[in-house]
Amino acid sequence: MDQQYVDLHSHSTASDGTFAPADVVRLAKDSSLVGLALTDHDTIAGLPEAAAAAKELGIDFLPGIEISCEVPKPATMHMLGYGVDIDSKPLKELTSQLMAGRDDRNPRIIRRLNELNVAITMDEVEQQAGGDVVGRPHIAAVMMRKGYVSSIKQAFDKYLATGGLAYFDRDRPTPKRGIELIREAGGLPVLAHPVQLRSENDAQLERTVKDLADLGLAGIEVIHSDQDTAMYEKCTRLAERFGLLKTGGSDFHGTNKKDIRLGIANGRRVPKEFLDRLRERLNRPQQQTRQTSHEHHAAG
Ligand code: AMP
Ligand code: ZN
Ligand code: FE
Ligand code: FE
(Lines give C-alpha, C1' and ligand atoms only; values in the text may rest on other atoms or scores of the structure.)
(Ligands and ions follow the chains in the order given, each with its own letter.)
Protein backbone atom coordinates (compact mmCIF):
# COMPACT_ATOMS: atom_id res chain seq x y z
CA MET A 1 0.00 0.00 0.00
CA ASP A 2 1.17 3.53 -0.73
CA GLN A 3 2.49 5.58 2.14
CA GLN A 4 -0.04 8.11 3.42
CA TYR A 5 0.88 11.51 4.81
CA VAL A 6 -0.38 14.01 7.38
CA ASP A 7 0.60 17.45 8.72
CA LEU A 8 0.56 17.87 12.50
CA HIS A 9 1.58 21.53 12.80
CA SER A 10 -0.46 24.30 11.17
CA HIS A 11 -1.87 27.75 11.90
CA SER A 12 -5.07 29.49 10.79
CA THR A 13 -6.58 32.97 11.00
CA ALA A 14 -7.54 32.07 14.59
CA SER A 15 -3.90 32.95 15.35
CA ASP A 16 -1.35 34.23 12.84
CA GLY A 17 -2.05 32.13 9.76
CA THR A 18 -3.77 33.62 6.72
CA PHE A 19 -6.12 30.72 5.88
CA ALA A 20 -9.43 30.25 7.71
CA PRO A 21 -9.55 27.00 9.71
CA ALA A 22 -11.82 25.28 7.17
CA ASP A 23 -9.55 26.43 4.35
CA VAL A 24 -6.50 24.85 5.98
CA VAL A 25 -8.48 21.58 6.04
CA ARG A 26 -9.48 22.00 2.37
CA LEU A 27 -5.88 22.63 1.47
CA ALA A 28 -4.91 19.45 3.33
CA LYS A 29 -7.43 17.55 1.24
CA ASP A 30 -6.21 19.16 -1.99
CA SER A 31 -2.65 18.30 -1.00
CA SER A 32 -3.63 14.63 -0.68
CA LEU A 33 -3.04 14.52 3.06
CA VAL A 34 -5.14 12.06 5.05
CA GLY A 35 -4.76 13.75 8.44
CA LEU A 36 -4.23 17.20 9.95
CA ALA A 37 -3.70 18.87 13.30
CA LEU A 38 -4.47 22.57 13.68
CA THR A 39 -2.11 24.04 16.29
CA ASP A 40 -2.88 27.74 16.58
CA HIS A 41 -0.87 29.81 19.07
CA ASP A 42 -2.65 30.24 22.41
CA THR A 43 -6.17 29.53 21.14
CA ILE A 44 -8.61 26.76 20.38
CA ALA A 45 -11.02 29.12 18.62
CA GLY A 46 -10.35 27.60 15.18
CA LEU A 47 -10.84 23.98 16.20
CA PRO A 48 -14.64 23.57 15.88
CA GLU A 49 -14.67 24.97 12.33
CA ALA A 50 -11.71 22.84 11.29
CA ALA A 51 -13.17 19.70 12.86
CA ALA A 52 -16.47 20.21 11.03
CA ALA A 53 -14.72 20.72 7.68
CA ALA A 54 -12.54 17.66 8.29
CA LYS A 55 -15.56 15.52 9.01
CA GLU A 56 -17.14 16.61 5.76
CA LEU A 57 -14.01 15.99 3.71
CA GLY A 58 -12.94 12.77 5.39
CA ILE A 59 -9.75 14.13 6.88
CA ASP A 60 -8.52 12.58 10.13
CA PHE A 61 -8.44 15.69 12.34
CA LEU A 62 -6.57 16.06 15.61
CA PRO A 63 -7.28 19.18 17.70
CA GLY A 64 -4.17 20.99 18.89
CA ILE A 65 -2.68 24.14 20.35
CA GLU A 66 0.82 25.64 20.52
CA ILE A 67 2.00 27.57 23.55
CA SER A 68 5.20 29.41 24.21
CA CYS A 69 7.09 28.65 27.43
CA GLU A 70 9.42 30.77 29.53
CA VAL A 71 13.06 29.87 28.89
CA PRO A 72 16.30 31.87 29.12
CA LYS A 73 17.27 33.83 25.99
CA PRO A 74 18.16 33.23 23.22
CA ALA A 75 16.24 29.95 23.33
CA THR A 76 12.59 29.70 22.45
CA MET A 77 10.52 26.76 23.60
CA HIS A 78 7.13 26.03 22.10
CA MET A 79 4.94 23.25 23.42
CA LEU A 80 2.34 21.59 21.22
CA GLY A 81 -0.72 20.08 22.89
CA TYR A 82 -2.44 17.32 20.93
CA GLY A 83 -5.91 15.97 21.55
CA VAL A 84 -6.83 18.63 24.08
CA ASP A 85 -10.42 18.59 25.27
CA ILE A 86 -11.76 21.89 24.00
CA ASP A 87 -14.39 22.03 26.72
CA SER A 88 -11.95 21.55 29.56
CA LYS A 89 -11.86 24.22 32.23
CA PRO A 90 -8.05 24.19 32.66
CA LEU A 91 -7.67 24.80 28.94
CA LYS A 92 -10.03 27.77 29.05
CA GLU A 93 -8.11 29.17 31.99
CA LEU A 94 -4.85 28.71 30.14
CA THR A 95 -6.00 30.40 26.95
CA SER A 96 -7.49 33.34 28.82
CA GLN A 97 -4.23 33.78 30.75
CA LEU A 98 -2.24 33.70 27.52
CA MET A 99 -4.61 36.23 25.98
CA ALA A 100 -4.22 38.52 29.01
CA GLY A 101 -0.44 38.38 28.49
CA ARG A 102 -0.93 39.55 24.91
CA ASP A 103 -3.38 42.28 25.91
CA ASP A 104 -0.73 43.59 28.24
CA ARG A 105 2.12 43.44 25.76
CA ASN A 106 0.61 44.63 22.47
CA PRO A 107 -0.30 48.18 23.56
CA ARG A 108 3.22 48.60 24.96
CA ILE A 109 4.74 47.62 21.63
CA ILE A 110 2.44 50.02 19.77
CA ARG A 111 3.21 52.87 22.19
CA ARG A 112 6.94 52.37 21.73
CA LEU A 113 6.55 52.20 17.95
CA ASN A 114 4.60 55.45 18.05
CA GLU A 115 7.44 57.04 20.03
CA LEU A 116 9.75 55.87 17.26
CA ASN A 117 7.51 57.64 14.72
CA VAL A 118 5.94 54.46 13.42
CA ALA A 119 2.35 55.63 13.33
CA ILE A 120 0.21 52.53 13.64
CA THR A 121 -2.73 51.98 15.97
CA MET A 122 -4.04 49.09 18.03
CA ASP A 123 -7.24 49.22 15.96
CA GLU A 124 -5.33 48.64 12.74
CA VAL A 125 -3.46 45.74 14.29
CA GLU A 126 -6.62 44.13 15.66
CA GLN A 127 -8.26 44.46 12.29
CA GLN A 128 -5.23 42.83 10.68
CA ALA A 129 -5.45 39.94 13.16
CA GLY A 130 -9.13 39.30 12.64
CA GLY A 131 -9.25 36.74 15.48
CA ASP A 132 -8.61 36.73 19.24
CA VAL A 133 -4.90 36.17 19.06
CA VAL A 134 -3.10 39.38 18.23
CA GLY A 135 0.63 38.97 17.83
CA ARG A 136 3.77 40.48 16.43
CA PRO A 137 3.23 39.10 12.90
CA HIS A 138 0.05 41.22 12.72
CA ILE A 139 1.92 44.30 13.92
CA ALA A 140 4.61 43.57 11.33
CA ALA A 141 2.00 43.23 8.58
CA VAL A 142 0.51 46.64 9.38
CA MET A 143 3.99 48.21 9.47
CA MET A 144 4.69 46.74 6.06
CA ARG A 145 1.36 47.75 4.58
CA LYS A 146 1.91 51.34 5.73
CA GLY A 147 5.42 51.39 4.30
CA TYR A 148 7.45 51.59 7.51
CA VAL A 149 9.33 48.40 6.62
CA SER A 150 9.75 46.52 3.38
CA SER A 151 9.20 43.03 4.80
CA ILE A 152 7.89 41.14 7.83
CA LYS A 153 11.46 40.05 8.47
CA GLN A 154 12.67 43.64 8.56
CA ALA A 155 9.92 44.53 11.04
CA PHE A 156 11.12 41.75 13.32
CA ASP A 157 14.83 42.36 12.87
CA LYS A 158 14.66 46.07 13.60
CA TYR A 159 11.70 46.40 15.96
CA LEU A 160 9.87 43.30 17.13
CA ALA A 161 12.33 40.45 17.74
CA THR A 162 14.04 39.94 21.09
CA GLY A 163 16.37 42.90 21.55
CA GLY A 164 14.55 44.94 18.90
CA LEU A 165 13.69 48.62 19.42
CA ALA A 166 10.08 47.87 20.37
CA TYR A 167 10.49 44.47 21.95
CA PHE A 168 8.53 43.62 25.08
CA ASP A 169 8.29 40.25 26.73
CA ARG A 170 5.05 38.68 27.86
CA ASP A 171 4.12 36.36 30.68
CA ARG A 172 4.52 32.75 29.71
CA PRO A 173 4.14 29.52 31.65
CA THR A 174 7.29 27.65 32.63
CA PRO A 175 7.93 24.45 30.70
CA LYS A 176 6.76 22.47 33.75
CA ARG A 177 3.51 24.42 33.95
CA GLY A 178 2.99 24.21 30.18
CA ILE A 179 3.30 20.44 30.29
CA GLU A 180 0.98 20.20 33.30
CA LEU A 181 -1.66 22.44 31.75
CA ILE A 182 -1.75 20.45 28.51
CA ARG A 183 -2.02 17.21 30.50
CA GLU A 184 -4.79 18.68 32.65
CA ALA A 185 -6.62 19.62 29.44
CA GLY A 186 -6.49 15.96 28.37
CA GLY A 187 -3.76 16.53 25.78
CA LEU A 188 -0.33 15.16 24.99
CA PRO A 189 2.50 17.71 25.40
CA VAL A 190 4.99 17.61 22.53
CA LEU A 191 8.16 19.69 22.24
CA ALA A 192 7.86 21.74 19.02
CA HIS A 193 10.82 22.41 16.68
CA PRO A 194 13.65 21.49 19.10
CA VAL A 195 16.08 23.32 16.80
CA GLN A 196 14.67 26.60 18.18
CA LEU A 197 16.00 25.72 21.63
CA ARG A 198 19.33 26.79 20.12
CA SER A 199 21.18 24.21 22.22
CA GLU A 200 24.92 24.72 22.27
CA ASN A 201 25.63 21.05 21.68
CA ASP A 202 24.05 17.61 21.59
CA ALA A 203 24.60 17.03 25.29
CA GLN A 204 22.68 20.18 26.19
CA LEU A 205 19.82 19.27 23.86
CA GLU A 206 19.70 15.80 25.36
CA ARG A 207 19.62 17.19 28.91
CA THR A 208 16.75 19.53 28.08
CA VAL A 209 14.73 16.76 26.47
CA LYS A 210 15.42 14.44 29.40
CA ASP A 211 14.29 17.08 31.90
CA LEU A 212 11.09 17.66 29.91
CA ALA A 213 10.47 13.91 29.67
CA ASP A 214 10.80 13.70 33.45
CA LEU A 215 8.14 16.43 33.69
CA GLY A 216 5.69 14.46 31.55
CA LEU A 217 6.54 15.36 27.97
CA ALA A 218 4.88 12.85 25.62
CA GLY A 219 6.52 13.57 22.29
CA ILE A 220 9.04 15.48 20.23
CA GLU A 221 8.67 17.11 16.82
CA VAL A 222 11.25 15.34 14.68
CA ILE A 223 10.09 16.77 11.34
CA HIS A 224 9.72 20.56 10.97
CA SER A 225 10.38 23.16 8.29
CA ASP A 226 13.29 24.62 10.28
CA GLN A 227 14.96 21.26 10.83
CA ASP A 228 17.49 19.60 8.57
CA THR A 229 18.26 15.92 8.23
CA ALA A 230 20.87 15.98 10.98
CA MET A 231 18.32 17.46 13.41
CA TYR A 232 15.69 14.96 12.26
CA GLU A 233 18.04 12.12 13.05
CA LYS A 234 19.08 13.61 16.38
CA CYS A 235 15.47 14.09 17.46
CA THR A 236 14.55 10.60 16.32
CA ARG A 237 17.31 9.16 18.50
CA LEU A 238 16.13 11.24 21.46
CA ALA A 239 12.56 10.01 20.95
CA GLU A 240 13.73 6.42 21.07
CA ARG A 241 16.01 7.04 24.00
CA PHE A 242 13.37 8.70 26.21
CA GLY A 243 10.32 6.79 24.99
CA LEU A 244 8.75 9.82 23.31
CA LEU A 245 6.27 9.85 20.44
CA LYS A 246 7.56 11.29 17.18
CA THR A 247 5.55 14.03 15.48
CA GLY A 248 6.04 16.33 12.52
CA GLY A 249 4.54 19.18 10.59
CA SER A 250 5.24 22.06 8.26
CA ASP A 251 4.20 24.92 10.61
CA PHE A 252 2.09 26.25 7.76
CA HIS A 253 1.03 29.92 8.20
CA GLY A 254 -0.42 30.67 4.74
CA THR A 255 1.10 33.71 3.10
CA ASN A 256 2.60 34.87 6.44
CA LYS A 257 5.33 32.31 5.79
CA LYS A 258 5.36 32.18 2.04
CA ASP A 259 8.00 29.49 1.66
CA ILE A 260 6.13 26.87 3.64
CA ARG A 261 3.73 24.48 1.92
CA LEU A 262 1.23 22.45 3.90
CA GLY A 263 2.38 18.84 4.23
CA ILE A 264 6.02 19.49 3.40
CA ALA A 265 8.66 20.33 6.00
CA ASN A 266 12.05 21.15 4.53
CA GLY A 267 11.47 18.58 1.80
CA ARG A 268 10.25 15.90 4.17
CA ARG A 269 6.72 14.58 4.55
CA VAL A 270 5.08 13.29 7.71
CA PRO A 271 3.97 9.64 7.79
CA LYS A 272 0.40 8.92 8.89
CA GLU A 273 1.86 6.53 11.41
CA PHE A 274 2.87 9.50 13.59
CA LEU A 275 -0.79 10.48 13.90
CA ASP A 276 -1.86 6.89 14.54
CA ARG A 277 0.61 6.57 17.43
CA LEU A 278 -0.64 9.86 18.98
CA ARG A 279 -4.22 8.59 18.77
CA GLU A 280 -3.29 5.27 20.33
CA ARG A 281 -1.71 7.09 23.25
CA LEU A 282 -4.69 9.41 23.62
CA ASN A 283 -7.08 6.48 23.61
CA ARG A 284 -5.29 4.63 26.38
CA PRO A 285 -7.57 4.64 29.42
CA GLN A 286 -4.64 5.73 31.61
CA GLN A 287 -2.50 8.05 29.52
CA GLN A 288 -0.92 9.45 32.70
CA THR A 289 2.84 9.24 33.00
CA ARG A 290 4.96 8.70 36.06
CA GLN A 291 5.15 12.45 36.62
CA THR A 292 1.53 13.46 36.36
CA SER A 293 0.25 11.36 39.25
CA HIS A 294 0.69 14.21 41.73
CA GLU A 295 -0.98 16.79 39.52
CA HIS A 296 -4.31 16.66 41.19
CA HIS A 297 -3.55 17.18 44.84
CA ALA A 298 -2.29 20.72 44.46
CA ALA A 299 -5.37 22.38 45.98
CA GLY A 300 -4.98 22.69 49.71
P1 AMP B 1 4.00 36.42 19.09
O2 AMP B 1 2.90 35.41 19.01
O3 AMP B 1 3.50 37.80 19.09
O4 AMP B 1 4.99 36.16 20.20
O5 AMP B 1 4.82 36.24 17.72
C6 AMP B 1 5.32 34.97 17.40
C7 AMP B 1 5.19 34.74 15.93
O8 AMP B 1 6.11 35.60 15.28
C9 AMP B 1 5.51 33.32 15.45
O10 AMP B 1 4.58 32.91 14.48
C11 AMP B 1 6.86 33.45 14.84
O12 AMP B 1 7.02 32.55 13.78
C13 AMP B 1 6.89 34.87 14.34
N14 AMP B 1 8.26 35.35 14.38
C15 AMP B 1 9.08 35.37 15.45
N16 AMP B 1 10.30 35.89 15.12
C17 AMP B 1 10.23 36.20 13.80
C18 AMP B 1 11.15 36.76 12.85
N19 AMP B 1 12.40 37.12 13.22
N20 AMP B 1 10.74 36.93 11.58
C21 AMP B 1 9.48 36.58 11.21
N22 AMP B 1 8.57 36.04 12.04
C23 AMP B 1 8.93 35.84 13.32
ZN1 ZN C 1 2.75 31.52 14.23
FE1 FE D 1 6.33 27.50 17.11
FE1 FE E 1 3.76 26.96 14.94
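Residues numbered from 1 in each chain as written. Chains lettered and ligands numbered in written order. Predicted model: local features only at pLDDT ≥ 70, side-chain atom pairs only at ≥ 80, totals over all residues. Heavy atoms only, no water.

Trainee: Can you walk me through the coordination of the zinc ion (ligand 2) in this structure?
Mentor: Six octahedral donors around a metal ideally sit at 90 or 180 degrees from one another, while four tetrahedral donors ideally sit at 109.5 degrees. Taken together, Asp 16 (OD), Asp 16 (OD), His 41 (NE2) and His 253 (NE2) make up the protein donors of the zinc ion (ligand 2), found 1.9 to 2.5 Å from the metal. Donor residues for the zinc ion (ligand 2) sit on one chain with the sequence pattern D-x24-H-x211-H. Here the iron ion (ligand 4) and the zinc ion (ligand 2) are spaced 4.7 Å from one another. Here His 41 lies in the loop between β2 (35-38) and α2 (47-57) and Asp 16 lies in the loop between β1 (5-7) and α1 (21-30), a separation of 25 residues in the sequence. (Donors = N, O, S within 2.8 Å, 3.2 Å for Na, K, Ca; no water. Helix = DSSP H or I, 4+ residues; strand = E, 2+ residues; numbered from the N terminus.)

Trainee: Just to check I follow, could you spell out the coordination of the iron ion (ligand 4) for this structure?
Mentor: For the iron ion (ligand 4), the protein coordination sphere consists of His 9 (NE2), His 11 (NE2), Glu 66 (OE) and Asp 251 (OD), at 2.0 to 2.2 Å. Classification of the site at the iron ion (ligand 4) as irregular follows from its four donor atoms and the range of 79 to 166° in their angles at the metal. (Tetrahedral: all angles 85-135°; square planar, octahedral: opposite > 155°, others 65-115°.)

Trainee: How do you make sense of unusual backbone geometry when you look at a structure like this?
Mentor: Trans peptide bonds make up most of the peptide bonds, and negative phi angles are found at most residues other than glycine. The linkage connecting Lys 73 with the following residue, Pro 74, adopts the cis geometry, with an omega of 0°. Along the polypeptide, Pro 74 turns up in the loop between β3 (60-69) and β4 (77-82). The phi dihedral of Ser 32 falls on the positive side, at around 65°, and the residue is not glycine. If you trace the backbone, Ser 32 turns up in the loop between α1 and β2. With a phi close to 20°, His 193 is a non-glycine residue in the positive phi region. If you trace the backbone, His 193 turns up in the loop between β5 (188-191) and α8 (202-214).

Trainee: Mind showing me how you'd approach the packing of α8 against helix α9 (residues 229-242) here?
Mentor: Packed helices, taken two at a time, are described by their axes: the angle between them and the distance between them. At a minimum axis separation of 11 Å, α8 and α9 run at an interaxial angle of 40°. Classed by the angle they form, the pair α8 and α9 counts as oblique. Crossing angle aside, the handedness with which α8 passes α9 is right-handed. Residue-level contacts link Asp 202, Leu 205, Glu 206, Val 209, Lys 210 and Ala 213 of α8 to Met 231, Lys 234, Leu 238, Arg 241 and Phe 242 of α9. Across the contact of α8 with α9, the residue classes break down as six nonpolar, no polar and five charged. (Axes fitted to C-alpha atoms, helices over the stretch in contact; angles between N-to-C directions. Parallel < 35°, antiparallel > 145°, perpendicular 65-115°, else oblique. Left-handed = near helix turned anticlockwise from the far one by under 90°. Contact = heavy atoms within 4.5 Å. Nonpolar A, V, L, I, M, F, W, Y, C, P; charged D, E, K, R; others polar.)

Trainee: I'm lost on the sheet that holds strand β8 (residues 270-271) in this one. Help?
Mentor: Strand pairing in a sheet takes place through backbone hydrogen bonds and is either antiparallel or parallel in direction. Strand order in the open sheet formed by eight strands is β7-β6-β5-β4-β3-β2-β1-β8, and the pairing between neighbours is mixed. Each end of this open sheet is capped by a strand with a single partner; those strands are β7 (245-249) and β8. As paired elements, β3 and β4 share six bridges and run antiparallel to each other. When the sheet's bridge partners are listed, Ile 65 is paired in β4 with Gly 81. Along the sheet, α8 contacts β4, β5 and β6 (219-224); its crossing angle with β4, the most-contacted strand, is approximately 40°. (Pairing = 2+ DSSP bridges.)

Trainee: Got a minute to help me understand the pairing of β3 in this structure?
Mentor: Side-chain positions along a regular strand alternate between the two faces of the sheet. Of all 10 residues making up β3, nine are buried, and the element is well covered by its neighbours. Sheet analysis places β2 next to β3, joined by four bridges and oriented parallel. If you follow Ala 37 over to β3, its bridge partner there is Leu 62. (Buried < 20%, exposed > 50% of the residue type's maximum accessible area, 1.4 Å probe, protein only.)

Trainee: Hey, could you run me through the site of ligand 1 in this one?
Mentor: All residues in the neighbourhood of ligand 1 are listed as Asp 16, His 41, Arg 102, Arg 105, Gly 135, Arg 136, Pro 137, Phe 156, Arg 170, His 253 and Lys 257. Protein chains bury 73% of the 500 Å² of accessible surface belonging to ligand 1 in isolation. Class assignment of the residues belonging to the shell around ligand 1 gives a composition of two nonpolar, three polar and six charged. (Near = heavy atom within 4 Å. Areas by Shrake-Rupley, 256 points an atom, 1.4 Å probe, with all protein chains shown as cover.)

Trainee: Please explain the pattern of salt bridges as it appears in this structure.
Mentor: It is possible for side chains of opposite charge to pair when their charged atoms get near one another. Enumeration according to the criterion identifies 21 salt bridges in this entry. Measuring nitrogen to oxygen at the nearest pair gives 2.9 Å for the salt bridge that ties Arg 102 to Asp 42. Of this pair, Arg 102 sits in helix α3 (residues 89-115) while Asp 42 sits in the loop between β2 and α2, placing them 60 residues apart in sequence. There is no split in this pair, since Arg 102 and Asp 42 are both buried. The shortest N-O distance in the salt bridge between Arg 170 and Asp 42 comes to 3.3 Å. Linking Arg 170 in the loop between α6 (152-160) and α7 (175-184) with Asp 42 in the loop between β2 and α2, this pair joins segments that are 128 residues apart in sequence. Judged by its relative accessible area of 10%, Arg 170 is buried. (Salt bridge = Lys/Arg side-chain N within 4 Å of Asp/Glu carboxyl O.)

Trainee: Which parts of the structure should I look at to understand α1?
Mentor: Helical periodicity: at 3.6 residues per turn, an α-helix aligns residues three or four positions apart in one direction. Of the positions making up α1, those classed as buried are Pro 21, Ala 22, Val 24, Val 25 and Ala 28. Buried residues of α1 fall within an arc of 160° about the axis and therefore sit on the same side. Buried residues along α1 sit in contact with β2 and α2. Following α1 by one or two positions, Ser 32 adopts a phi angle in the positive range, close to 65°. (Arc of directions from axis to C-beta.)

That is the geometry; function is a separate question.
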